[in-house]
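The primary structure of each chain is shown beneath.
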Amino acid sequence: HSSSPFVLETSQNVAKMRAMARRSVALLSLLGAGMPLASGVALSSSNPIRKVVNMLQSMQKKVVEEGDKSEELFKKFKCYCKKSGGDLSSGIEAAEDKVAELGPSIEASVSKKEQLDKDLVAHKADRVSAGTALDEASALRAKEKAAYDKAVAENKANYDAMTKAVTALDKGMGSSFLQSRFAVVLRSYVSNSQAVEDTDRQSVLAFLTGTQAEGAEYSPASGEILGILKQMKDEMFKDQQDMIAEEESAVKAYVELTGAKKKEVAALSKAIEEKLSRVGDLGVEIASMSNDLEDTSEQLAEDKAFLAQLEKSCSSSGSVHEVEKKARAEELLALSETIKVLNNDDALDLFKKTLPSAAMSFLQVQRTSSTLRAQARSLLAQARSRQLPQQRQRLDFIALALHGRKAGFDEILTLIDELIVSLKVEQKDDDDKKEYCAAEMDSSDDKKKGLERSLEDIGVAIAEAKEGIETLIEEIKALKAGIIALDKSVVEATELRKAENTAYKQLMADNGAAKEIIIFAKNRLAKFYAPALRKGASAASFVQLASKRGAPPPPPETAAAYTAKASESGGVLQMMDLLVSDLDREMTIAKTEEKNSQEEYEEMMSDSAEKRAMDSKGLTDKEASVAGMEASVESGVSEQKSTGKELKATEAYIMSLHAECDWLLQYYDTRKTARADEVDSLEKAKAVLSGA
């Protein structure tokens, strides 16, 4: 921030006046008495004193006008000082308040962010712990379910075998039961069960194997065996009910545990997402406030420095103005007193007697040195009347020199030549300075406009980058949610596929067992009613299987002969064939559906894996894009800051250019014209003194 043009120009004028004074003093020392010349000149017909008075009055008028103009400029400058100082003071006060507010705000935001970071660490650890507990509970439940299913299946098979045995004994068909597969199942249970007492085990095993304990004869309708079996059946039923109750209780506890853990995981995930968003917002807020604090602090320092310089310039301009105002008043006083002296009645009477009047008839007088000096002074006075106050001193010094009588005209002419050369040098300096000022102002204005456009472009780029970051963050959230949903659907599909496969295997096992029983039953009937229809593949009966362990004794003879139901057995055999056919068809359909379901599941898993890979890649790319755009925003903010500083420096340089050049550009033409008039007057005076 430079000094004002008002102060600068005054200092330059004082320096020039001092240099001119040194040359004029040298000129005055050479001026001596007048020298007579050969040529003559015609005297003016007007009163010489009247011309002097008119010139003094004209000078007085111009001094007043210049004083009024100077006072007007000074008032404008003081107004500028007052307005600019007030605006700067208000801006400084606002900046100080803002700096005082930003510091605690930044500290509070940093503290909040640190606490949120700690909360995030705790939430993530809790979520991992809850997930681990959920996985462990699921694994334990699966293990318990498998054990339960196995125990229930075994108990059901044993219970069914026990039911068949009791029914057979009640109906007196113990021998036929011993030939069935249920007898094998029941024998295995009785042999291995710890719940059966040894005496009961021996009795039941004797019944099942068809032997008599301790060599006694076996009776199939023994009430003791039937009672033992019924008691065992009741105990098996009770055990099965207890297992079902325990399983239901375990399932209920598992459902409650998994529900609570899933709610905990969901709540923790939601809290993590919300706090991550808050952490991001706080990070942006802290960075923004930090940049704002730095910019405000720098602007505050610059404003304080400029205010101090402005106060200094405004203060000094007042003292300079008072000095000029006092000098102008003294000049007006001198002019007024001079006019008063020359217009005095006594002086006018004396001038009428001593000076030639307009009525005198002579046309020519001898040209003397005094006449030439007077003519030269007249020419200089005319030139002086057209010049600014700060430019009059040189002509005033020449005029004073012409009043002297000590030096000849040759020395005076030499000094006049030197003065003309000095004026031309000054004009060339003004020309160069004008060209320099115009070029610098144009280039500085162009640079300022370019910096302003750059700041605008940077601001737009930062805004677009921030908008892009927000869009990418939303897309990242959507991708994460999509991946979570995809993983969940894969888990659900896997569980469904497992359930379907388990059901398929169970169906195939059940249908196979049913088919085997039907074929066995059919062969048994065919053996009696239609031996030719009996299938060789199923010829091995349960009795034959049992014979491997020791064949039972032959059954007792029936009470009486009876007639075989051959005609009715044909319908039963056909119905059994239909049942086997239905089972085969159902098993074929189940195999096809299982194959199709497995292929669809594998295709779905492949598509899901491909989609997850693509989503994961897209997520990584978008996160990288967010990081890149955030770096671009930081770079843009830094560039914006440096460009802003450069713009301020350019504006300050433009202000200094205006302070240096405005006065010259404003008064260039006036100064040039006045200087040309001064040169012209000096040349005319030189011509007069040279006798031209």
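Treat the numbers as computed from the prediction; the structure is a model and nothing was measured.

A. Expanded view of the overall build of the protein. Each helix and strand in the protein was counted, giving twelve helices and two strands. Counted from the first residue to the last, the protein has its helices and strands arranged as α-β-α-α-α-α-α-α-β-α-α-α-α-α. Each of the 692 residues in the protein was classed as buried or not, and the buried ones make up 30%. Sequence separation of at least 24 residues holds for 89% of the intrachain contacts in the protein that already meet a minimum separation of 6.

B. Seen up close, the side chain of D430. Locating D430 in the fold gives a position in helix α10 (residues 409-529). D430 gets classed as buried once you look at its relative accessible area, which sits at 8%. A distance of 3.1 Å separates the side chain of D430 from the side chain of R671, its partner in a polar contact. When sequence neighbours within four positions are dropped, the list of residues in contact with D430 reads L664, Y668, R671 and R675.

C. Fine view of the nonpolar core. M162, L186, Y189, V190, V204, L229 and M232 are the most contacted members of the largest nonpolar core, which has 18 residues in total. Listing elements by their share of this core, those giving two or more residues are α2 (48-171), α4 (181-192), α5 (198-209) and α6 (223-342). Broken down by element, this core gets its largest block of residues, six residues, from α6. The next biggest cluster of nonpolar side chains, apart from the first, holds eleven residues, and it includes I458, A465, I483 and L619.

D. Expanded view of the state of the cysteines. Per the counting criterion, the structure on display carries one disulfide. C437 shares a disulfide with C661; S-S distance 2.0 Å. Its S-S torsion of about -75° marks the bond between C437 and C661 as left-handed, since a negative value means left-handed. Here C661 lies in helix α12 (residues 566-689) and C437 lies in helix α10, a separation of 224 residues in the sequence.

E. Spatial organisation of the pattern of salt bridges. If you walk through the whole model with that rule in mind, you get 28 salt bridges. Among the salt bridges present, the one from K98 reaches D292, with a minimum N-O distance of 3.0 Å. Placement of K98 in helix α2 and of D292 in helix α6 is noted, with a sequence separation of 194 residues between them. The exposure class of K98 is partly exposed, given its relative accessible area of 33%. A relative accessible area of 25% places D292 in the partly exposed class. One salt bridge connects R497 with E594, and the closest N-O pair in it is separated by 2.9 Å.

F. View of the packing of aromatic side chains. All chains considered together, the criterion is met by one aromatic pair. Pairing W663 with Y667 gives two aromatic rings, centres 4.9 Å apart and planes at 45°, and the pair type is tilted. Taken as a pair, W663 and Y667 lie in helix α12 at a separation of four residues, close to a single helical turn. As far as burial versus exposure is concerned, W663 and Y667 are alike and both buried.

G. A look at the side chain of Q240. With respect to the helices and strands, the residue Q240 is situated in helix α6. If near-sequence neighbours (up to four positions away) are discounted, Q240 is found in contact with V152, N155 and Y159.

H. Representation of the confidence of the model for the protein in the model. Overall, the predicted model of the protein reaches an average pLDDT of 75, with 72% of residues at or above 70. For the protein, the element scoring lowest by mean pLDDT is strand β1 (residues 40-42), at 34; α10 scores highest, at 87. A low-confidence stretch, residues 1-45 (pLDDT under 50), is modelled with 104 contacts involving residues beyond four sequence positions or located in other chains. Confidence over residues 557-566 falls short of pLDDT 50; this stretch has five contacts with residues more than four positions distant or in other chains.

I. Inspection of a negative patch on the surface at higher detail. Negative charge collects at one region of the surface, where E599, E600, E602, E603, D607 and E610 lie side by side. Take E610: it is sitting in helix α12. The class of E610 is partly exposed, set by a relative accessible area of 48%.

Parameters and conventions
Residues numbered from 1 in each chain as written. Predicted model: local features only at pLDDT ≥ 70, side-chain atom pairs only at ≥ 80, totals over all residues. Heavy atoms only, no water. Helix = DSSP H or I, 4+ residues; strand = E, 2+ residues; numbered from the N terminus. Buried < 20%, exposed > 50% of the residue type's maximum accessible area, 1.4 Å probe, protein only. Contact = heavy atoms within 4.5 Å. Polar contact = N/O pair within 3.5 Å; in protein donor to acceptor, adjacent residues only side chain to side chain. Core = buried A, V, L, I, M, F, W, Y, C linked by side-chain atoms within 4.5 Å. Disulfide = S-S within 2.5 Å. Salt bridge = Lys/Arg side-chain N within 4 Å of Asp/Glu carboxyl O. Phe/Tyr/Trp six-rings, centres within 6.5 Å; stacked < 30°, edge-to-face > 60°. pLDDT = per-residue confidence, 0-100. Patch = residues over 30% accessible without salt bridge, like charges linked within 9 Å, V, L, I, M, F, W, Y side chains within 5 Å. Areas by Shrake-Rupley, 256 points an atom, 1.4 Å probe, with all protein chains shown as cover. Lys, Arg positive; Asp, Glu negative; His and termini not counted. Charge placed at Lys NZ, Arg CZ, Asp CG, Glu CD.

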